[in-house]
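An overview of the molecular structure
Letter by letter, the chains look like this.
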Amino acid sequence: DQIVPADDALDRIRSLVNHREVLVRDGTIFLRRAGMELDLGGVVKEYAVDRVADLLREEGVESAIVDLAGDLRTVGARGDGRPWNLGVADPRAPGRCRFSVRVVGDAGVASSGDYERYFVKDGVRYHHLLDARTGRPASGVSSVTAIAPRAFTAGLAATAAFLLGPEQGLSHLENLPEIEGVLITGEGRLLATRGMHRLWDMPGSL
């Protein structure tokens, strides 16, 4: 059975969340308080995707897609000259594509959502994207997809926008250079950055 932590347990854990307590010296990471842990799970996939794409470039590969659990990087152009067409999942309809993204050349595409790692208890969806301010899953957004020059950058942007919520998340994406994105709210609405009209394929969506 899935367990939802009590408020007092979350309070104890939240007291250990502070990036200022993480020190890096001569390539070694130090955590200043007992009980702290550093989890790189939120960025490691995108970093790995970029490293593989860079290695392919170094080997002279001119056209490829590197995909790791849905976060990906395109390398060069398609052989037929058309844009890459990348499907984005509908967070409330497994197996269904909500819209697709068109990119040409090198680009990173990453999504953060509440629909793959979660459980439902007493009608509430508990997922893995936690708001550090509360210790509980962030609310208001079902998924965010970001497009950037690199997958690592796209992943950071998507996760931050998800945690910030619909309006602040969209504003965050709008203010990031060379990044476009789409948020799907908990009610299923689409919120897109101004430049997304060049990149996505969904008639009537804007």
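You'll find the structure just up there.
Rules used in this analysis
- Residues numbered from 1 in each chain as written.
- Predicted model: local features only at pLDDT ≥ 70, side-chain atom pairs only at ≥ 80, totals over all residues.
- Heavy atoms only, no water.
- Pairing = 2+ DSSP bridges.
- Helix = DSSP H or I, 4+ residues; strand = E, 2+ residues; numbered from the N terminus.
- Axes fitted to C-alpha atoms, helices over the stretch in contact; angles between N-to-C directions.
- Contact = heavy atoms within 4.5 Å.
- Core = buried A, V, L, I, M, F, W, Y, C linked by side-chain atoms within 4.5 Å.
- Buried < 20%, exposed > 50% of the residue type's maximum accessible area, 1.4 Å probe, protein only.
- Phe/Tyr/Trp six-rings, centres within 6.5 Å; stacked < 30°, edge-to-face > 60°.
- Parallel < 35°, antiparallel > 145°, perpendicular 65-115°, else oblique.
- Left-handed = near helix turned anticlockwise from the far one by under 90°.
- Nonpolar A, V, L, I, M, F, W, Y, C, P; charged D, E, K, R; others polar.
- Salt bridge = Lys/Arg side-chain N within 4 Å of Asp/Glu carboxyl O.
- Polar contact = N/O pair within 3.5 Å; in protein donor to acceptor, adjacent residues only side chain to side chain.

So, about the sheet that holds strand E4 (residues 71-76). Spatially, E3-E4-E7-E10-E11-E12 is the arrangement adopted by the 6 strands of the open sheet, whose pairing is antiparallel. Two strands lie at the open edges of the sheet, namely strand E3 (63-68) and strand E12 (190-192), each paired on one side alone. Taking each pair of neighbouring strands and ignoring which way they run, the sheet shows an average axis angle of 10°. Of the strands in this sheet, E3, E4 and strand E7 (107-113) touch helix H2 (residues 44-58), which is tilted by about 15° from E4. Each of E4, E7, strand E10 (141-148) and strand E11 (180-185) is contacted by helix H3 (residues 151-164), which is oriented at about 30° to E7, the strand it contacts most.

Another point: the nonpolar core. Judged by nonpolar contacts, the single largest core of 17 residues is most densely connected at Val144, Ala146, Phe162, Leu173, Ile179 and Leu183. Mapped onto this core, the elements with two or more residues apiece are E10, H3 and helix H4 (166-174). Other than its neighbours up to four places away in sequence, leucine 173 contacts Val144, Ala157, Ala161, Ile179, Gly181, Val182, Leu183 and Thr193. Of all hydrophobic cores here, the second largest spans 16 residues; its members include Val88, Phe99, Val101 and Val182.

Counting across every chain of the model gives 2 aromatic pairs. With a centroid separation of 5.1 Å and 70° between ring planes, the pair formed by phenylalanine 99 and tryptophan 200 is classed as edge-to-face. Placement of phenylalanine 99 in strand E6 (residues 97-103) and of tryptophan 200 in strand E13 (residues 200-201) is noted, with a sequence separation of 101 residues between them. The same class applies to phenylalanine 99 and to tryptophan 200, which are both buried. Here phenylalanine 119 and tyrosine 126 contribute two aromatic rings whose centre-to-centre distance is 5.3 Å and whose plane-to-plane angle is 20°, an arrangement assigned as stacked.

With that settled, the discussion passes to the environment of glycine 113. For glycine 113, the position within the fold is in strand E7. We classify glycine 113 as buried; its relative accessible area is 12%. For the pair glycine 113 and arginine 51, spaced 62 residues apart in the sequence, the C-alpha separation amounts to 23 Å.

Any two packed helices are characterised by how steeply their axes cross, that is the angle between the axes, and by the distance between the axes. Direction vectors running N to C along H2 and H3 enclose 160°, while the axes themselves pass 7 Å from each other. Comparing their axes, H3 and H2 come out roughly antiparallel. The handedness of the crossing between H2 and H3 comes out as right-handed. Residues Glu46, Tyr47, Val49 and Asp50 of H2 form the contact with H3, whose own contacting residues are Ala151, Phe152 and Gly155. Taken together, the residues of the contact of H2 with H3 break down into 4 nonpolar, 1 polar and 2 charged.

Applying the stated criterion to the full structure yields 18 salt bridges. Across the pair lysine 45 and aspartate 71 runs a salt bridge, and its minimum N-O distance is 3.3 Å. Of the two residues, lysine 45 is situated in helix H2 and aspartate 71 in strand E4; the sequence distance between them amounts to 26 residues. On the accessibility criterion, lysine 45 (27% relative accessible area) is partly exposed. For aspartate 71, a relative accessible area of 2% puts it in the buried group. We note a salt bridge from arginine 82 to aspartate 80, for which the minimum N-O separation is 2.8 Å.

Attention now moves to the side chain of glutamate 180. Mapped onto the fold, glutamate 180 is located in strand E11. You can call glutamate 180 buried: its relative accessible area is 16%. For glutamate 180, the side chain forms a polar contact with the side chain of threonine 193, separated by 2.4 Å. Residues in contact with glutamate 180, not counting those within four places in the same chain, are Thr145, Ala146, Ile147, Thr193, Arg194, Gly195, Met196, Arg198 and Leu199.

Without other data, these values stay purely geometric and don't point to any function.
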